[in-house]
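Below are the chains, spelled out letter by letter.
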Amino acid sequence: MAPTTFRTKGNSSKSKSTTTTTTTTNTTVRDSPSGAFDRSTELKFGTTASISASTHVASAGQTATSRLNLAVYRYSTWLEENQLKKSAPWIAIAIAALVRWAVSLGPYSGMTTPPRYGDYEAQRHWMELTLHRPAREWYSDQSKWWDLDYPPLTAYVSWICGYVGDKINPEWFAWQSSRGFESLDAKLYMRTTVLVCELLVYFSAVVVFTDRWFANKAWTRKHTALLLILLQPGLILIDNGHFQYNAVMLGLVVWAVNCFLKDQDVLGSIFFCLALGFKQMALYFSPAVFAYLLGKSLRQGFFGCIWKLIKLGLAVILTLGALFAPWLQSQEEILQVVHRIFPVFRGLYQDKVANVWCAINVVIKLREMFEIQELVRFRKVQRTALCIHRLLDITLYTRRGLLYGLINSSLSFFLLSFQVHEKSILIPALPITLLILDEPAIASTFVTLATFTMFPLLKQEALTLPYYVLLGFWVWMTFGTCKNASTPLGLLAAVMISGLHLAETFVLPPAKYPDLYAVLNALWGTGGFALYWAYFNYRQFTMANTPKTGLKVTKTAKVA
Amino acid sequence: MASSYIPATSSQINHQAERGMQISLLVISTALKVLLFPTYHSTDFEVHRNWLAITYSLPISQWYLEKTSEWTLDYPPFFAWFEKLLSLFAAHIDPKIVQVDNLNYDTMATVYFQRTTVIISELVLFWALQRMLTVMGNRPLQKIISWSLMLNPGLLMVDNMHFQYNGFLYGILIHSLVDAKQGKLLRSGILFAALLNFKHIFLYIAPSYFAFLLRAYCFENSGNSIRARSWTSAFRPLHFLALGISVIAVFVASLGPFVAMNQLPQLAGRLFPFKRGLCHSYWAANFWALYSFMDRIMIILISKSPLGQYVNLSLDTSALSATTRGLVGDTAFGVLPTITAQHTLILTVLLQIPSLISVFRKPTFERFIGSVVLSAFASFLAGWHVHEKAILLCTVTMSVAIANRFGASFNSGSGASSDQKGLVLTPRDVRSFMIVSLAGYIGLWPLFFTRPETPIKVLITAIWFVIVGTGLDQCIPKGSSWSMEAGPSSTRSLLRHFTALERLYVLGCVPVQLYVNVGHEAVFGQDTLAFLPLMITSVYSAVGVVYGWLLYSAAYFSSSTALDKKKMR
């Protein structure tokens, strides 16, 4: 029998790999601001990437080679070698759907916990409400049972889901009598609506995004990114475990980014308005989007700029107008809608929802305990002002600048608002996840930390099993990326996270501080996010100063 | 085998990459299995919980007598000991698990515990696959098989959802087969004897083991067939004694205590309940499914058509309603003659004999593994009261048979040299394997009649089919003289080697299963004609399994007779 043999690529290109690896780090950092790519660099990059899969041990951890030592990456290489490129996205979608469905077999938010239940009941109730009431009453319903406080697109989607569900079983969404209704079939139906929405909006958006973002790069890279993004644990746990429709809003944002990448700015802004119309949390992104479009317009010459701004303005006004059309007849009605969506205007603690949030929001508890909320708020207002100033910086009009801008603005918002819900970390996590292969170490650890901060919530809902599996799987999947990233810090984070989990499992908290672990979790999360915030701001700031990175790489690549 | 020069550093790197790949396999399969914890578990879960309780709380003398639960212990003693081992841990997790009268106890901790034991026990399968890789060559083909078995939809469905310990048992079987491949025949035989004492379903393939070990181990094996007069001189009494004594020792260790307690008849009655009918309540995809289906068709034809008045047949119309979900009992036939246990036994033996003769004439590992596959098929297709889960025996052994082949080598271009002719992976192998697997695993779907599990069973089967199908397809060596049947490789699709009819069958699964899983309930509602979807699935699967068996038999006998003729010349 012959000795173990491996693919030709692994053997023959071995000699090349040691020389080419040196360039890889630079290549990934490079982004040509004009969007034009140096073809030779890309080709070079393609080879480097495919080599690194089989020779991952060659370089001692400091180069990009080792971070492509991903099981996912090897799987993508295998797919490419086996002529599976065409069906690969479908397989990826099937795998991601399988994982999501397995998670959705578990319990959901507020399952069998009367009297108020949880997010699941809220969504179910909105389907009931939109199905049985005319649109003009949706936001003025005074039943004090999970008021509809999301923008109209959510209401429309709820109406569709309610309509279809009503055809299957009228009991699920019967007016008033279905409050707190729970059955296996109803759960199944609700879970299906989430998955279908995800498939239609989020999955498609991510497939197109990887297609456009990695347009000139090796196919395997593109596919690796697709799988990693689709298997991001935080979103799966919240949407398919806890029960929400975040992926719709996030998917619409990704669609907007997709359009911006193709310079279809009007279409992009329509998508962004739709995202805003689905969940007001998309506002976290709005400074970045605004700055990006403004920066781009400013480069069109005087009349070009005016014309572009008019087009964009019209697109925004018409989209929002269409979404809010049913309530535009009187000032009173539209104000009522706005008040519902932004409870801030009515004072934070008058609203029932806000109260529920207060009750279950450990972050708020933490702050009350330490009595520093005013201080935190003040400092963060300052920070955000600074951040927005930076976002308006000229650099933002590059495609990479756009993603960093999205990260910075959403992360600032997340750190700023004191009524923040831990789930909101999914919003900054989205653009960071999209950069998974551009900032592998940072992005993967950020996602880990973000998922970790949601642990108290998931624990409450008995979703610890999928939490551990998905988070562990994510850490393992991206492990190759962590190896080269400032190991002491990464190690410290890993030790603290796993230490906290171990302690929580085996050691009861002292009677005096029953929420000790949740508090530690939140503290740890806040500290970590602040560090990431600083890092991403630094990145955005320095990016503008090195516009010639692309050129540099070409030179080194040629030398190599 | 032609091999190119490999630099030392590169092979080191490859070695590390291989190890990384196997760790990946372990991580991925474990993560998926844990994620499947909350899925539906069948009564088999309670069966095994009850066995934990019996073996923990009762003395050995009571193990096969205890009948508080209807799920009495009906596996051989080694498996009971295995349960005893698990129960020691179970008692620490929750003492209520091991109480005999604590029926239908399935708290979350219990489920998590028992599901974890399945995952841990399947490390035996993982270990066996690692050995398979080192012995049969760690090439793309073998790697695909190891991934295919570790992430097998059949095993995932039966073990990690439905709840059984098959992965563990098939791990032992693969260990035994790998030993046979290595020429460690005595160990192979002992392992198989032990396996029989874990689960007696492996009796299905015992004839092949018997023929192979007798001929290969107990007779001089000179490579040529032995002439009649030299049989006695070729006999190796020491080997015969060694094998005989060790196998008997295994059985004594297992059954001895029960013989001593005079419980053997009781034990046999538990293990072989012949009171059950020809078919399980849901027909396994075998001959009898087709037979019963034909019977139903004929009843309808005769009773509905005017012909019925002239044909003087006493119709047993009760047969029509007898096969509905949940009714376990004798299968009645309306028109066709009734089948008895003796009939099935004779048919099974008849189907097994040709391959056994072939093994006995030339006891190579290739023939042995082929014969194991054919024995498994014979028992599955013609056996008495066969469970649909027994298809795993066919697909797992087929996987090992394929792993034993030479695939396309990516190094030298041609892959295998000419003396490995006949051992090379052919399109026919892949076709029969993929069709039997697909049909068999779809035949397992009715185990999960609960709706939440539908997407899972569909997705794992579909993903497996596409990835493994394409992977194997790419391993078929191309463009050489011995792959005449490879056909034009202009299309690169997964089904390019399949004939039109086979493609129709594979693609036909989609509309058929759409009807079974969604359409039927939408058209007829939940309760009318409830047996119809089950019957459709079972008949459709049976067609695929029988077809794949014919294809496999044709390949086996054509290659072995060709070699025989060559030797004669």
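Nothing here was measured: the structure is a model prediction, and the numbers come from that model.

Residue and element names in this part refer to chain B. In the UniProt entry, the feature "transmembrane region" (unreviewed entry) is given for residues 201-218, 238-261, 332-353, 365-384, 429-448, 454-473 and 536-559. Overall, residues 238-261 shows 96% helix and 0% strand. The separation of its end C-alpha atoms is 33 Å. Secondary structure across residues 536-559 comprises 100% helix and 0% strand; the distance between its end C-alpha atoms is 35 Å.

What follows is about the nonpolar core. If you look at the biggest cluster of nonpolar residues, it comprises 276 residues, and the most contacted ones within it are L252(A), V253(A) and A275(A). In contact with A275(A), other than residues within four places in its own chain, are M249(A), L252(A), V253(A), A256(A) and A282(A).

Residue and element names in this part refer to chain B. Over its 14 residues, helix α5 (residues 108-121) extends 20 Å from the first C-alpha to the last, a length consistent with the 20 Å expected when each residue adds 1.5 Å. Burial in α5 covers these residues: T110, Q114, R115, T117 and V118. Angularly, the buried residues of α5 cover 150° about the axis, an arc narrow enough to put them on a single face. Buried residues along α5 sit against α2 (43-57), α4 (77-93) and α8 (153-163).

Residues and elements named next belong to chain B. In the predicted model, chain B carries a mean pLDDT of 83, and 83% of its residues have values of at least 70. Confidence drops under a pLDDT of 50 for residues 1-8, and excluding neighbours within four residues, the segment shows 19 contacts in the predicted structure. When the criterion is pLDDT under 50, residues 480-491 qualifies, and its contacts beyond four places in sequence or with other chains add up to 17 contacts. Scored as a whole, the predicted complex attains pTM 0.84, and scored at its interfaces, ipTM 0.87.

A word on the packing of helix α6 (residues 123-136) of chain B against helix α7 (residues 140-150) of chain B. Residue and element names in this part refer to chain B. Across the interface, α6 lies against α7 with an axial gap of 10 Å and an inter-helix angle of 170°. With respect to each other, α6 and α7 are oriented roughly antiparallel. Where α6 abuts α7, its residues L125, F126, L129, M132, L133 and M136 lie against Q142, S146, L149 and M150. Residues that form the contact of α6 with α7 fall into these classes: eight nonpolar, two polar and no charged.

As for its placement among the helices and strands, A71(A) is situated in helix α5 (residues 71-81). What makes A71(A) buried here is the crowd of 21 C-beta atoms within 10 Å. Between the C-alpha atoms of A71(A) and W476(A), which are 405 residues apart in sequence, the distance is 8.7 Å. Among all residues touching A71(A), those that are not within four sequence positions of it are M477(A) and S24(B).

Cut-offs used in this document
Along each chain, residue indices are assigned from 1 in the same order as the chain's sequence is written. Each chain is given a letter, starting from A, and each ligand a number, starting from 1, according to the order in which they appear as written. Local features in a predicted model are, by the rule used here, given only for residues with pLDDT of at least 70; side-chain atom pairs are given and counted only at 80 or more, and totals for whole chains, interfaces and linings are based on all residues. UniProt positions are given in the numbering used here, feature names are shortened, and annotations may be inferred rather than shown by experiment. Elements are defined by DSSP. Helices are runs of H or I of four residues or more, strands are runs of E of two residues or more, and each kind is numbered from the N terminus. Definition of nonpolar core: a set of buried Ala, Val, Leu, Ile, Met, Phe, Trp, Tyr and Cys residues joined via C-beta atoms within 7 Å. Whether a residue is buried, exposed or partly exposed follows from its count of other C-beta atoms within 10 Å of its own C-beta, namely 20 or more, 12 or fewer, or something in between, respectively; the C-beta atoms are built from the backbone. Placing C-beta atoms from the backbone, we regard two residues as in contact once those atoms come within 7 Å. Helix span, expected: 1.5 Å multiplied by one less than the number of residues in the helix. By arc we mean the arc of the directions from the helix axis to the C-beta atoms, nothing more. The quantity called pLDDT is the predictor's confidence in a given residue, expressed from 0 to 100. Axes, fitted as lines to C-alpha atoms, cover a helix only where it is in contact. Angles between the N-to-C directions of the axes lie from 0 to 180 degrees. Here the angle decides the label: under 35 degrees means roughly parallel, over 145 means roughly antiparallel, 65 to 115 means roughly perpendicular, and every other value means oblique. The nonpolar class holds Ala, Val, Leu, Ile, Met, Phe, Trp, Tyr, Cys and Pro. Asp, Glu, Lys and Arg form the charged class, and all remaining residues, Gly among them, are polar.

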